[in-house]
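Chain by chain, the residues:
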Amino acid sequence: MRASEPSLVMRRLRAGDLPALTHHLLTLAPEDRRLRFCGIVSDELIRRHCDNIDWQRKILIGCFVDGRLCGVAEMAPLADAPGTAEVALTVDHDLQGQGIGSELLRRVIVLARNRFMHTLHMVCLPENMKMRRVAQKNGAKLSIHGTEAAGRIKAPWPSYLTLAEESLSESLDLVRTAFDTVSHQPARHH
Ligand SMILES: CC(C)(COP(=O)(O)OP(=O)(O)OC[C@H]1O[C@@H](n2cnc3c(N)ncnc32)[C@H](O)[C@@H]1OP(=O)(O)O)[C@@H](O)C(=O)NCCC(=O)NCCS
């Protein structure tokens, strides 16, 4: 008998996903945590980072494998530079190298275009070759400034395709949530 394929779902994260997001970031491998936050950060700082997320403003996309949140893209619009946002990615170590990071970034770019964001910034450590590759594959221009590598993606205006992709994916989320809710209801006895 063949083991069943793992289920993979990518969707927008909502405030209700806060516990899963906090757990994902807290359980990153130590080196990945350092790369994500460009330095050594405490559990306390990560908890604060998660608790302070403004869910109305920030856009987060999560990748769930067999129900576990194992990849996240965070896009934070920059208040002092309209039309621009900063993006950060994380993928659990055991699932890296399988295209999840690249797909999360591609999806973030679609959402950014649909919101008329023209520029996305990514900051990482210069030795972070995986992030540099993922950014480059998605069209980023990279530059190194001392101890920082900065990526800049220019996003064109939305197209019918980007708008259709987002609306289809939101509809699928809605259907998925409805099915999840129904399947968690106690069985009705007549
Ligand atoms: C950066 C990160 C999100 C990438 O996620 P991922 O799922 O591994 O990414 P992908 O599998 O889509 O792509 C990784 C790419 O890096 C390439 N790569 C891996 N090791 C590499 C290296 N040493 N040098 C150059 N490229 C490398 C892979 O071959 C792949 O490119 P390809 O698709 O052309 O083959 C993930 O490694 C991570 O979470 N790192 C820790 C947190 C972090 O660094 N975040 C970025 C700062 S915000």
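Small disclaimer: the values here were computed from a predicted structure and weren't measured.

Chemist: Go over the site of the ligand, please, and point to the residues and values.
Modeler: Neighbouring the ligand are 22 residues, the closest being Leu 35, Gln 96, Gly 101, Ser 102 and Met 129. Looking at the shell around the ligand, the elements with two or more residues in it are α2 (30–36), β4 (84–91), α4 (100–114) and α5 (129–137). A total of six residues in the shell around the ligand trace back to one element, the largest contributor, which is α5. Each residue belonging to the shell around the ligand can be placed in one class, and the counts come to nine nonpolar, eight polar and five charged.

Chemist: Can you explain the pairing of strand β3 (residues 68–77)? Please cite residues and give values.
Modeler: Counted residue by residue, β3 has seven buried out of ten residues, so it is predominantly covered. Counted between consecutive antiparallel strands, the loop separating strand β2 (residues 59–65) from β3 contains two residues, among which Asp 66 sits at a positive phi close to 50 degrees. Pairing of β3 with β4 involves seven bridges; the strand directions are antiparallel. Looking at the pairing, Met 75 lines up with Val 87 of β4. In this antiparallel pair of consecutive strands, β3 and β4, the connection spans six residues, and Gly 83 shows a positive phi of 85 degrees.

Chemist: Lay out the sheet that holds strand β7 (residues 148–154) in plain terms, naming residues and giving numbers.
Modeler: The mixed open sheet is built from seven strands, whose spatial order is β1-β2-β3-β4-β5-β7-β6. With one partner strand each, in any of the chains shown, β1 (8–12) and β6 (141–145) form the two edges of the open sheet. Sheet twist, expressed as the average angle between the axes of neighbouring strands with direction ignored, equals 20 degrees. Taken together, the six bridges between strand β5 (residues 119–124) and β7 define a ladder with antiparallel strand orientation. Note that in β7 the partner of Val 123 across the bridge is Ala 150. α4 contacts β1, β2, β3, β4, β5 and β7 of the sheet and is inclined by roughly 35 degrees relative to β3.

Chemist: Tell me about helix α6 (residues 160–183), and name the residues and values.
Modeler: Residues spaced three or four apart along an α-helix face the same direction, because each turn holds 3.6 residues. Spanning 24 residues, α6 covers 34 Å between terminal C-alpha atoms, matching the ideal 34 Å at 1.5 Å per step. Counted residue by residue, α6 has zero buried out of 24 residues, so it is predominantly exposed.

Reading the values: the criteria
- Residues numbered from 1 in each chain as written.
- Predicted model: local features only at pLDDT ≥ 70, side-chain atom pairs only at ≥ 80, totals over all residues.
- Near = placed C-beta within 6 Å.
- Helix = DSSP H or I, 4+ residues; strand = E, 2+ residues; numbered from the N terminus.
- Nonpolar A, V, L, I, M, F, W, Y, C, P; charged D, E, K, R; others polar.
- Buried ≥ 20, exposed ≤ 12 C-beta atoms within 10 Å, placed from the backbone.
- Pairing = 2+ DSSP bridges.
- Axes fitted to C-alpha atoms, helices over the stretch in contact; angles between N-to-C directions.
- Contact = placed C-beta atoms within 7 Å.
- Expected span 1.5 Å × (residues − 1).

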